[in-house]
Amino acid sequence: MVTLLQRSDNDTSQINSGDTAWILVSSALVFIMAPGVGYFYSGMARSKNAVSLVFLCMIAMAIVSIQWMIWGYSLALSDTSNNAFIGDLNYGLLLYVGDKPHVNAPTIPGDVYALFQCMFAALTPALALGGAAERIRILPAVLFCFVWTTIVYDPIAYWSWAPKGWMNVMGSLDYAGGTPVHIASGFGALAFSLVLGKRQGFGSEKFAPHNYLNIILGTSLLWFGWFGFNGGSAVASNGRAGLAATVTHIAACMGGLSWSFIAYFRHGKKFSSFHFCSGAISGLVAITPASGFVRPWAALVFGLVSGIACHFAVDFKEKFGFDDALDVFAVHGVGGVVGNLLTGIFASKEVAALNGVIIKGGWIDRNWVQFGYQLAASCSGAGWSFIITGVILIIFNFIPGLHLRIHEEGEISGTDMAEMGEHGYKFATMEPLPVGRERTLSAEESGRGLPHGTVFANSPPSNKSTVTNTENSEKPADIPRL
């Protein structure tokens, strides 16, 4: 995250138990964001794809955590590399990490800092997969997470946070992941949607969320976890961590309100939980790079601007004809850029100084060039993620067995059944019929449209049709469409 102090590699005398405890708690808070993303995504999707989306988020956590242990941490955050682009492998397999603090976190053990940063890395590809929701195969998606983290996330994280990373050296400000997490995932999702193509029915069918309660649950988990996401990025338990958590909450509230009221007047003067939740997420995304640099009043601006910008960005997919299924580009890509640019305006050197960090601030401190630094970081992260993601996906499609798009029949039946053999909602039972309780449809009943010999479970013999629970129905009951 932000470099706090410098000291010798082997000095562990300043490790603080309070700081260590807070970062361990923050790691757990960020972890809970993975199922939060899953539930948020599953609610937005159709019911036949709900389980697979939650599962993808959880398996992404697992595969990226292994990648992080093997070489991800060393490539992304090595403090021994002199390269401006990527780290070395000195911390491969997390060897030589242990209690030795990282330069960016001098009051906590290095392995605690590695765990905390692992949660960020694991969350990011899960976000990007939302651009391919409802039409992606799970096996190649798992391998994609490993490869994408290595050659997209790790370099951008190194540029932003490593002591010798070129963005960090230039003077770009990114407190908790505006570029490595949100811009990278948002523009990666855009590449995903373009390479995989549109879902069947895109443009002719209305793809509405199937479960608003899942959306609310996912948003609640994300909002809760974001206190650790941004508050923990102080890598210390201090006033700056508290301020980061405060502005995080304010921006989320303002983002939810701004999006909700715009949608209210644009869509029939009715409020929607989906609109509020989307706005809250946009506010959380935008405040992420600025959370350790701005005052609470500025968080209102971040929430307001991001809620408006991301709301209208959702319209892009209809105007330009790309199928970003879960609006990852609109919320994370656009929201991340908005947050980065606003950081160049509202970053305060007084806020950074709360724990001894020296910066020149943004426009409010008359540091006019900071906006340019933020713009350069945003464009670099967006361009790298979009181009490299597209290349990875194209290569995957040429490798036998790793084509990413599910077959047509699987897309129709849903990825839950086609890829996992599971479903989230049990509309019909498949249990064996109890002995003595079976009955077959009579000839009279079969004349109503069901084949003669249809077996009903748990139905007592009767001369009356029990095809539906309406005694005089002339047709069988409709089966809910998945």
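Everything numeric here is computed off the predicted structure, so don't read it as measured data.

**Thoughts on the overall build of the protein**
So, point 1. A count of helical and extended segments in the protein gives 18 helices and 2 strands.
So, point 2. For the protein, restricting intrachain contacts to residue pairs at least 6 apart in sequence, the fraction spanning at least 24 positions comes to 75%.
So, point 3. Of the roughly 20000 Å² of accessible surface on the protein, 65% is carried by carbon and sulfur atoms.

**Structural notes on the packing of aromatic side chains**
So, point 1. Counted by the stated rule, this structure contains 28 aromatic pairs.
So, point 2. Look at Phe261 and Phe271: their rings are 5.6 Å apart centre to centre, the planes differ by 90 degrees, and that puts the pair in the edge-to-face class. On the criterion of sequence distance, the pair formed by Phe261 in helix H9 (residues 239-266) and Phe271 in the loop between H9 and helix H10 (273-287) is long-range, its members being 10 residues apart.
So, point 3. On the basis of an interplanar angle of 80 degrees and a centroid distance of 6.2 Å, the ring pair of Phe322 and Phe329 is categorised as edge-to-face.

**What about the nonpolar core?**
So, point 1. The biggest cluster of nonpolar side chains holds 122 residues, and the ones touching the most others in it are Ile136, Tyr153, Phe192, Phe229, Val294 and Phe302.
So, point 2. Top contributing element to this core by residue count: helix H5 (residues 138-161), with 13 residues.
So, point 3. Ignoring any residue separated from it by four or fewer positions in sequence, one finds Phe302 in contact with Ala286, Ile287, Ala290, Val294, Gly339, Leu342, Thr343 and Phe346.

**What to know about the pattern of salt bridges**
So, point 1. Going through the model one piece at a time under the given rule, you end up with 8 salt bridges.
So, point 2. Across the salt bridge formed by Arg46 and Glu134, the nearest N and O atoms sit 2.9 Å from each other. With Arg46 in the loop between helix H2 (33-44) and helix H3 (50-77) and Glu134 in the loop between helix H4 (110-128) and H5, this pair connects stretches of sequence that are 88 residues apart. For the pair formed by Arg46 and Glu134, the shared burial category is buried.
So, point 3. The shortest N-O distance in the salt bridge between Arg405 and Glu411 comes to 2.9 Å.
So, point 4. Salt bridges sharing partners connect three or more residues here, namely Arg46, Glu134, Arg135, Arg199 and Asp323.

**Things to note about unusual backbone geometry**
So, point 1. A positive phi is found at Tyr96, a non-glycine position, where the angle reads about 60 degrees.
So, point 2. Its location among the elements puts Tyr96 in the loop between H3 and H4.
So, point 3. A relative accessible area of 66% places Tyr96 in the exposed class.
So, point 4. Even without glycine at this site, Lys269 takes up a positive phi of about 55 degrees.
So, point 5. As for its placement among the helices and strands, Lys269 is situated in the loop between H9 and H10.
So, point 6. Residue Lys269 is classed as exposed on the basis of its relative accessible area, which comes to 54%.

**Focus on H9**
So, point 1. With 28 residues, H9 extends 41 Å from end C-alpha to end C-alpha; this agrees with the ideal 40 Å at 1.5 Å per step.
So, point 2. At the N-terminal boundary of H9, the capping side chain belongs to Asn238, with an oxygen 3.2 Å from the backbone nitrogen of Arg240.
So, point 3. The positive-phi residue at the C-terminal boundary of H9 is Gly268, with phi of around 75 degrees.

**Quick notes on the environment of Leu284**
So, point 1. Following the sequence through the fold, Leu284 ends up in helix H10.
So, point 2. Once residues lying within four places of it in the same chain are set aside, the contact partners of Leu284 are Trp223, Trp226, Thr248 and Ala252.

**Structural notes on the packing of H2 against helix H8 (residues 212-231)**
So, point 1. Interhelical geometry of H2 versus H8 gives an angle of 155 degrees and a closest axis separation of 7 Å. Considered as vectors, H2 and H8 are oriented roughly antiparallel to each other. The crossing of H2 and H8 is left-handed. Counting all contacts with H2, which are made through Met33, Pro35, Gly36, Val37, Tyr39, Phe40, Ser42, Gly43 and Met44, the residues of H8 involved are Asn214, Ile215, Leu217, Gly218, Thr219, Leu221, Leu222, Gly225, Trp226 and Phe229.

**Details of the side chain of Asn367**
So, point 1. The topology assignment puts Asn367 in the loop between helix H14 (349-352) and helix H15 (370-398).
So, point 2. At 2.7 Å, the side chain of Asn367 forms a polar contact with the backbone oxygen of Gly361.
So, point 3. The contact partners of Asn367, leaving out residues within four places of it in the chain, are Lys360, Gly361 and Gly362.

**Regarding the packing of H2 against H3**
So, point 1. The contact between H2 and H3 brings their axes to 8 Å, and the two run at 160 degrees. The angle between the axes of H2 and H3 places the two elements in the roughly antiparallel class. Considering only the axes of H2 and H3, their crossing is right-handed. The residues of H3 that touch H2, namely those facing Ala34, Pro35, Val37, Gly38, Tyr39, Tyr41 and Ser42, are Ala50, Leu53, Val54, Cys57, Met58 and Met61.
So, point 2. For the contact of H2 with H3, the class distribution of residues is 11 nonpolar, 2 polar and no charged.

**Overview of the confidence of the model for the protein**
So, point 1. Per-residue confidence for the protein gives a mean pLDDT of 88, with 86% of residues at or over 70.
So, point 2. Within the model, pLDDT remains below 50 along residues 1-8, and this stretch shows 34 contacts once partners closer than five positions in the same chain are excluded.
So, point 3. Per-residue pLDDT stays below 50 along residues 428-482; that stretch engages in 61 contacts with residues further than four places along the chain or on separate chains.

**A short note on the environment of Ala280**
So, point 1. When you line up the elements, Ala280 lands in helix H10.
So, point 2. Separated by 21 residues in the primary sequence, Ala280 and Trp259 place their C-alpha atoms 8.2 Å from one another.
So, point 3. If we ignore the near neighbours within four places in the chain, the residues touching Ala280 are Trp223, Ala252, Gly255 and Gly256.

**Examining a nonpolar patch on the surface**
So, point 1. On the surface, Leu194, Phe386, Ile387, Val391, Ile395 and Ile399 cluster together into a nonpolar patch covering about 500 Å² of accessible area.
So, point 2. Of all the elements, H15 adds the most residues to the nonpolar patch, at 4 residues.

**Description of the state of the cysteines**
So, point 1. The full count for this structure, using the stated rule, is 0 disulfides.
So, point 2. Unpaired in this structure, Cys145 has its nearest cysteine sulfur neighbour in Cys57, at a distance of 9.1 Å.
So, point 3. For Cys145, a relative accessible area of 2% corresponds to the buried category.

Definitions and limits used
Residues numbered from 1 in each chain as written. Predicted model: local features only at pLDDT ≥ 70, side-chain atom pairs only at ≥ 80, totals over all residues. Heavy atoms only, no water. Helix = DSSP H or I, 4+ residues; strand = E, 2+ residues; numbered from the N terminus. Contact = heavy atoms within 4.5 Å. Areas by Shrake-Rupley, 256 points an atom, 1.4 Å probe, with all protein chains shown as cover. Phe/Tyr/Trp six-rings, centres within 6.5 Å; stacked < 30°, edge-to-face > 60°. Core = buried A, V, L, I, M, F, W, Y, C linked by side-chain atoms within 4.5 Å. Buried < 20%, exposed > 50% of the residue type's maximum accessible area, 1.4 Å probe, protein only. Salt bridge = Lys/Arg side-chain N within 4 Å of Asp/Glu carboxyl O. Expected span 1.5 Å × (residues − 1). Polar contact = N/O pair within 3.5 Å; in protein donor to acceptor, adjacent residues only side chain to side chain. Axes fitted to C-alpha atoms, helices over the stretch in contact; angles between N-to-C directions. Parallel < 35°, antiparallel > 145°, perpendicular 65-115°, else oblique. Left-handed = near helix turned anticlockwise from the far one by under 90°. Nonpolar A, V, L, I, M, F, W, Y, C, P; charged D, E, K, R; others polar. pLDDT = per-residue confidence, 0-100. Patch = residues over 30% accessible without salt bridge, like charges linked within 9 Å, V, L, I, M, F, W, Y side chains within 5 Å. Disulfide = S-S within 2.5 Å.

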